[in-house]
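Survey of secondary and tertiary structure
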Amino acid sequence: MSISDISVEQQNPNLRHQEHCTVLSHTQRDEGEWVQHTLMLENNETPFRFRRSKRYRSLKGTRVNIDYYPQTTLVAGMEFETMKVVRIKRC
């Protein structure tokens, strides 16, 4: 069996995928040389976060396909669940 015969789920068991998700809000904040993007998606209460070197036009109201990993972030001594986006594409 070659590596191409193994499914993505077997290679990365924590990787999740959602299709045709509507973006409710999209914020962009400068963090040094990077821009932190935060998305809120319809029917999800957890923020989806990713960093890029440039600003994008707003994704608010668009549909996207998204691949992400669930993670927890420690803020002021409290744990918050976030989703680390590894791929996002407009539908």
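Structure's up top.
This write-up is about the structure you can find in this document. (Residues numbered from 1 in each chain as written. Predicted model: local features only at pLDDT ≥ 70, side-chain atom pairs only at ≥ 80, totals over all residues. Heavy atoms only, no water.)

A few words now on the overall build of the protein. When helices and strands are tallied, the protein shows one helix and five strands. For the protein, the succession of helices and strands along the chain, N to C, is α-β-β-β-β-β. Counting every position in the protein, which comprises 91 residues, the buried fraction comes to 27%. Sequence separation of at least 24 residues holds for 47% of the intrachain contacts in the protein that already meet a minimum separation of 6. Counting every atom, the protein has about 6500 Å² of accessible surface; 49% of that belongs to carbon and sulfur. (Helix = DSSP H or I, 4+ residues; strand = E, 2+ residues; numbered from the N terminus. Buried < 20%, exposed > 50% of the residue type's maximum accessible area, 1.4 Å probe, protein only. Contact = heavy atoms within 4.5 Å. Areas by Shrake-Rupley, 256 points an atom, 1.4 Å probe, with all protein chains shown as cover.)

Take the nonpolar core next. Grouped together as the largest cluster of nonpolar side chains are 12 residues: Cys21, Val23, Leu39, Leu41, Phe48, Phe50, Leu59, Val64, Ile66, Tyr68, Met83 and Val85. Breaking this core down by element, the ones donating at least two residues are strand 1 (16-31), strand 2 (34-41), strand 3 (48-52), strand 4 (63-75) and strand 5 (78-90). It is strand 4 that provides the largest number of residues to this core, a total of three residues. If sequence neighbours within four positions are ignored, leucine 39 has contacts with Val23, Ser25, His26, Thr46, Pro47, Phe48, Phe50, Leu59, Ile66 and Ile88. (Core = buried A, V, L, I, M, F, W, Y, C linked by side-chain atoms within 4.5 Å.)

Okay, the packing of aromatic side chains next. Applying the stated criterion across every chain yields a total of one aromatic pair. With 5.0 Å between their ring centres and 85 degrees between their planes, phenylalanine 48 and tyrosine 68 make a pair best called edge-to-face. Linking phenylalanine 48 in strand 3 with tyrosine 68 in strand 4, this pair joins segments that are 20 residues apart in sequence. (Phe/Tyr/Trp six-rings, centres within 6.5 Å; stacked < 30°, edge-to-face > 60°.)

Turning next to the sheet that holds strand 4. Read around the closed barrel, five strands run 1-2-3-5-4, paired in mixed fashion. When the angles between neighbouring strand axes are averaged without regard to direction, this sheet yields 40 degrees. Summarising the sheet, strand 3 and strand 5 pair through two bridges and their orientation is parallel. Residue pairing for strand 5: phenylalanine 48 is matched across the bridge by methionine 83. (Pairing = 2+ DSSP bridges. Axes fitted to C-alpha atoms, helices over the stretch in contact; angles between N-to-C directions.)

To continue, consider unusual backbone geometry. Only a minority of non-glycine residues have a phi that is not negative, and only a minority of peptide bonds are not trans. Within the chain, histidine 20 stands out as a residue other than glycine whose phi angle is a positive 55 degrees. Assignment of secondary structure puts histidine 20 in strand 1. The phi torsion at alanine 76 lies on the positive side, around 50 degrees, for a residue other than glycine. Within the secondary structure, alanine 76 is located in the loop between strand 4 and strand 5. Alanine 76 sits in the exposed class, given a relative accessible area of 77%.

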